[in-house]
Amino acid sequence: MSEKLQKEEGSISIHTENIFPIIKKWLYSDKDIFLRELVSNAVDAIHKLQNINLMEGLKLTDEYQVDIKIDKDAGTLTVIDNGLGMTADEVRKYINQVAFSSAEDFIEKFKGLEDKNEIIGHFGLGFYSSFMVADKVEIRSLSYQQDAEAVHWTCAGTTSYELEASDKSERGTEIILHLNDEEKEFLEKDRVSEVLKKFCNFLPVSISLEGEEVNDKNPLWTKSAGEVTDEEYLEFYRKLYPMSQDPLFWIHLNIDFPFNLKGIIYFPRLTNEFDVTKSHIKLFCNQVFVSDNTPELIPEFLTPLQGCLDAPDLPLNVSRSYLQNEPQVRKIREVISGRVASKVVELAKKDREIFVPIWEDIHTFVKYGMMREDKFYDKVKDQVIYRSTGDEKYTTLPDYLERAKEKHENKVYYANDEGVQATYLKMFKAQGMEALILDAMIDNHFIQFLESKNSDLKFERVDSDVTENLIEEKDESKEIVDADNKSRKDRIEETFKAELDIKGLTIRIETLKDNTVPGVILLNEQQRRFKEMTSMMGQGEMPDMFADHTLMVNAASPAVEKVLSLQDAGDKETAGLLMQQIYDLAMLSHQAISKERMADFLDRSGKLLGMI
Ligand SMILES: Nc1ncnc2c1ncn2[C@@H]1O[C@H](COP(=O)(O)OP(=O)(O)OP(=O)(O)O)[C@@H](O)[C@H]1O
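About the criteria used
Residues numbered from 1 in each chain as written. Predicted model: local features only at pLDDT ≥ 70, side-chain atom pairs only at ≥ 80, totals over all residues. Heavy atoms only, no water. Helix = DSSP H or I, 4+ residues; strand = E, 2+ residues; numbered from the N terminus. Buried < 20%, exposed > 50% of the residue type's maximum accessible area, 1.4 Å probe, protein only. Contact = heavy atoms within 4.5 Å. Phe/Tyr/Trp six-rings, centres within 6.5 Å; stacked < 30°, edge-to-face > 60°. UniProt positions renumbered as here; feature names shortened; annotations may be inferred. Polar contact = N/O pair within 3.5 Å; in protein donor to acceptor, adjacent residues only side chain to side chain. Patch = residues over 30% accessible without salt bridge, like charges linked within 9 Å, V, L, I, M, F, W, Y side chains within 5 Å. Areas by Shrake-Rupley, 256 points an atom, 1.4 Å probe, with all protein chains shown as cover. Salt bridge = Lys/Arg side-chain N within 4 Å of Asp/Glu carboxyl O. Expected span 1.5 Å × (residues − 1). Domains from an automatic or database assignment. Disulfide = S-S within 2.5 Å. Pairing = 2+ DSSP bridges.

1. Some remarks on the overall build of the chain
So, step 1. Helices and strands together make up the secondary structure of the chain, namely 19 helices and 22 strands.
So, step 2. Looking at the chain residue by residue over its 612 residues, the buried ones come to 53%.
So, step 3. For the chain, restricting intrachain contacts to residue pairs at least 6 apart in sequence, the fraction spanning at least 24 positions comes to 70%.

2. Focus: the packing of aromatic side chains
So, step 1. For the coordinates displayed, the defined rule picks out 23 aromatic pairs.
So, step 2. For the pair Y413 and F428, a centre-to-centre distance of 5.1 Å together with 65° between the ring planes defines the contact as edge-to-face. One end of the pair, Y413, is in strand β17 (residues 411–415); the other, F428, is in helix α12 (residues 422–430), with 15 residues separating them in the sequence.
So, step 3. For F428, a relative accessible area of 1% puts it in the buried group.
So, step 4. Taken together, the aromatic side chains of F199, F202, W221, F236, F284 and F289 make up a single cluster linked through ring pairs.

3. Here's the deal with the UniProt feature "binding site: ATP" (unreviewed entry) in the chain
So, step 1. This chain's UniProt record puts "binding site: ATP" (unreviewed entry) on E37, N41, D81, M86, T173 and R320.
So, step 2. The class of D81 is buried, set by a relative accessible area of 7%.
So, step 3. Apart from residues lying up to four places away in sequence, D81 is in contact with A42, A45, I46, Q65, V66, R171, G172 and T173.
So, step 4. Among the polar contacts listed, one links the side chain of D81 to the backbone nitrogen of G83, at a separation of 2.8 Å.
So, step 5. Tracing the backbone through its elements, the reader meets T173 in strand β7 (residues 172–179).

4. Describing a nonpolar patch on the surface
So, step 1. Together, F530, M533, M536 and M537 make up a nonpolar patch on the protein surface, roughly 430 Å² of accessible area in all.
So, step 2. Inspection of the secondary structure assignment puts F530 in helix α16 (residues 525–536).
So, step 3. Under the relative-accessibility criterion, F530 is labelled exposed at 52%.

5. A short note on α16
So, step 1. Here α16 contains 12 residues, and its C-alpha end-to-end distance of 16 Å stays within 8% of the 16 Å for a straight helix at 1.5 Å per residue.
So, step 2. Three or more residues of α16 are buried, namely E525, R528, R529, K531, E532 and T534.
So, step 3. Packed against the buried residues of α16 are β17, α13 (443–453) and β19 (458–461).
So, step 4. The backbone nitrogen of Q526 has a side-chain oxygen 3.0 Å away, supplied by the residue at the start of α16, namely N524.

6. Here we look at the domain arrangement of the chain
So, step 1. Domain annotation of the chain identifies domain 1 (8–213), domain 2 (220–346), domain 3 (384–470) and domain 4 (473–523 + 537–610).
So, step 2. Computed from C-alpha coordinates alone, the two centres of domain 2 and domain 4 are separated by 59 Å.

7. Overview of the state of the cysteines
So, step 1. Taken as a whole, this structure holds zero disulfides when the rule is applied.
So, step 2. As a non-bridged cysteine, C200 has C285 as the owner of its nearest cysteine sulfur, 13 Å distant.
So, step 3. C308 carries a free sulfur, and the closest cysteine sulfur to it, the one in C285, is 14 Å from it.
So, step 4. Judged by relative accessible area, C308 falls into the buried class, the value being 0%.

8. Notes on the pairing of strand β21 (residues 519–522)
So, step 1. Residues G519 and I521 line one face of β21 and the alternating positions V520 and L522 line the opposite face, and both faces are buried.
So, step 2. In the sheet, β21 pairs with strand β22 (residues 549–554) via four bridges, with the strands oriented antiparallel. Bridge pairing links I521 to L551 in β22.

Put into structure tokens, the structure is as follows:
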């Protein structure tokens, strides 16, 4: 047995005078991390011993655990582990020199920095962070090594320490914090429990507070996907986010190469209360909680993702600026983006009925992702679905284009307001034509994006023009010519032009296959988009979408026929009323009638009804 340790007193080698007040002051904002540091040191000590046990065949069969004890009378909080312990030399080396010199480095480096979070993030203060809450710290330790002598180290928040023999008889280390007067809250079990729940909830070694185990040693992400049931994924989610509705879907990550990454990410149901701009992922490092504010780990368009990521290769004290510049973080983002894309494709292919409601929740993010990332776009582009007026209700773009090939190759007709564009959709439907419903905020941009990606592809809103498919092929109104050498079409055009003297209005006559609609308003696609764009960019006042518009009069409509016969009979007044009515009805279906015209419309409607 070695000679008994003589009490020694020394000075922790330090050039910066009185480091402790500075530690306290600078780190005050996040003082809870001291417990994370001490408990993870304790877990490390246990892991080290477990490794030695295996390598050196020590045949230890201990139940490993970390205990946290509160002694209100003594005013102490103690973290006890049965890990490998430390000898006097190790205390000198690891606590007096190594740990302290890193604390000293920290002070040197960040003397001038104002942003405390930056400081905390940049630096693992480890053991010395205990001086944020304690005036005096004691270490009692007994190394696993044969014939080791138990040691007792004390430091009262100055650069002096004492190291002497102790009577500790059980292997492991006790860190005893004599809490200072302002930190007595850490003598309350609830307060300590709250901190442990935050940082140590999923640590792989049993952690107990006053004899009660507080952690789940085998969180779901440590298992392999094959052994976890859907119910377990949901239960885990409910534990992580107790106030949330069940998620839409989840992805279990278990990556070993080229870096380590485990985790479960959930796509949440996006209710009104859900903040889609805030990061929700909880980052762990070997099951130690690190942060729940690490937006850098997730592609921006997937910010709403929730769940846990365990990245053991990232440091425990990870800072925002580190994350922003770390190449591995970019790789993590790419992996997540790729896995989300694969999951979307998998769900889309599997069962349309299950996918549709999910799609309603996620389509904005997927579309945004497609616009932001080429790789993501390439993966999901053929699986993205659109609501359609066709029989299928939902269709992919390739399927839609295939069906539309004969009637309008490479052209997509869409509506962005089913109510306002109902007349057009009705005409489309009557001719067996299909339009997509693109009525989400993002769709305006998304349409432009798809056109830029596919140079042949053109999107046209259903009210932008009438397609030749809606027009009667054999149009007799053009052919039959009267005594003045005018066709019926010419007469309709002349009459309407004379009656409707409205700024920006063009009259166009067509004979539609559908005779129930007397007239519709057409807005040129490119002109309309340009106006929408300028208004969105906030340039000037809200543009008048109807500054230039076309009234397409349907020569096949009985109402138009009536206009002509009234003219022939010399009743110009009633013919005029009818034409005004046809125009207003067309504008009304666009919800674009002015207040003044509405008053006239109602007045005229009354008159016309009286004539029937
Ligand atoms: N409970 C413990 N049991 C055994 N050794 C310990 C214990 N706590 C600390 N040590 C030793 O003291 C060293 C310094 O600890 P400290 O927490 O300051 O830094 P660290 O754990 O090495 O790094 P980090 O900055 O990530 O915390 C550890 O590396 C370890 O060797």
